Amino acid sequence: MVRNHINKLICSCENLYAELENINTILLMTKTFCINKEFNGIYYSLDKESTLQLSEERNNYINMLTILSEKVNTAKNLNMQLEQEIRLHNDSDNRS
């Protein structure tokens, strides 16, 4: 029973890691899209004031996406640590 529970926990950790990886990929793709728009100066023929506002808005989005990606990476690392602890506990129980 305990063994089954531990295997389910490990499987959940693996699934969570995969989902976090997918989220991070989407974040990085979106960030790259925003950066490319900004660096290529795509402003849709806007006046100078609107161009500055759009540029500032894009940079804010880029910064938020960077922070989100960092948080997702932190969550991935915490998840890996949790999975390692579960595996260590499982291994030590198997040796007993």
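Look above for the structure.
Because the structure is predicted, anything quoted here is derived from the model rather than measured.

**Student:** Lay out the overall build of the chain with the relevant residues and their values.
**Tutor:** Across its full length, the chain holds two helices and zero strands. Over its C-alpha atoms the chain spans a radius of gyration of 21 Å, topping by over 25% the 12 Å that the globule rule assigns to 96 residues. With the C-alpha coordinates aligned to their principal axes, the bounding extent of the chain is approximately 75 × 15 × 15 Å. Buried positions account for 25% of the 96 residues belonging to the chain. Within the chain, contacts between residues at least 6 apart in sequence are counted, and of these 75% link residues at least 24 apart. Summing over all exposed atoms, the chain offers an accessible surface of approximately 7,200 Å²; the carbon and sulfur share of this is 58%.

**Student:** Account for the nonpolar core, with residues named and values stated.
**Tutor:** Ranked by size, the top nonpolar core spans six residues in total: Leu20, Leu27, Cys34, Ile62, Leu65 and Val72. Apart from residues lying up to four places away in sequence, leucine 20 is in contact with Val72, Ala75 and Lys76.

**Student:** I'd like a rundown of the pattern of salt bridges, residues and numbers included.
**Tutor:** Oppositely charged side chains may form a pair once their charged atoms are brought near each other. In total, this model carries four salt bridges according to the counting rule given. Where glutamate 14 meets arginine 87, a salt bridge forms, and the shortest distance between an N and an O atom there is 2.8 Å. Pair noted here: glutamate 14 is in helix H1 (residues 2-39) and arginine 87 is in helix H2 (residues 48-95), with a separation of 73 residues, a long-range link. Using a relative accessible area of 38% as the deciding quantity, one classes glutamate 14 as partly exposed. Between glutamate 21 and lysine 76 there is a salt bridge, with the nearest N and O atoms lying 2.4 Å from each other. Of this pair, glutamate 21 sits in helix H1 while lysine 76 sits in helix H2, placing them 55 residues apart in sequence. Judged by relative accessible area, which is 30%, glutamate 21 ranks as partly exposed. Residue classification places lysine 76 among the buried positions, given a relative accessible area of 8%. Several salt bridges converge on common partners, so that one network encompasses Glu14, Glu83 and Arg87.

**Student:** Just give me the short version of H2, but keep the residues and values in it.
**Tutor:** In a regular helix each residue adds 1.5 Å, so 48 residues correspond to 70 Å; H2 covers 70 Å between its end C-alpha atoms and thus fits that length. The N-cap of H2, judged by a side-chain oxygen 3.2 Å from the amide nitrogen of glutamate 49 a few residues on, is aspartate 47.

**Student:** A description of the environment of leucine 16 should follow, citing residues and the corresponding values.
**Tutor:** By the secondary structure assignment, leucine 16 is in helix H1. On the basis of relative accessibility, which here comes to 42%, the residue leucine 16 falls in the partly exposed class. Here the alpha-carbon distance between leucine 16 and asparagine 79, two residues 63 residues apart in the chain, equals 7.6 Å.

What counts and how
Starting afresh in each chain, residues are numbered from 1 along the sequence in its written order. With pLDDT at 70 or above as the cut-off, local features in this predicted model cover only qualifying residues; side-chain atom pairs require 80 or more to be listed or tallied, and sums for whole chains, interfaces and linings still use all residues. To obtain the side-chain values, all non-hydrogen atoms of the structure were used and water was disregarded. Runs of E in the DSSP output that reach at least two residues are strands. Runs of H or I that reach at least four are helices, and both are numbered from the N terminus. Both definitions apply: the radius of gyration is a C-alpha atom measure, and the globule rule equals 2.2 Å times residues to the power 0.38. With a 1.4 Å probe rolled over the protein chains alone, any residue whose accessible area is under 20% of its type maximum counts as buried; one over 50% counts as exposed, and the rest are partly exposed. The contact criterion used is simple: two residues touch if any of their non-hydrogen atoms lie within 4.5 Å. To be clear on the numbers: accessible area is Shrake-Rupley with a 1.4 Å probe, and residue cover counts the displayed protein chains and nothing else. Note on terminology: a nonpolar core comprises buried Ala, Val, Leu, Ile, Met, Phe, Trp, Tyr and Cys residues joined through side-chain atoms within 4.5 Å. The rule for a salt bridge is simple: a side-chain nitrogen of Lys or Arg has to be within 4 Å of a carboxyl oxygen of Asp or Glu. By this rule the span expected of a helix is its residue count minus one, scaled by 1.5 Å. Definition of a polar contact: a pair of N or O atoms within 3.5 Å, with one able to donate and the other able to accept a hydrogen when the atoms are protein atoms, and with sequence-neighbouring residues admitted only if both atoms are side-chain atoms.

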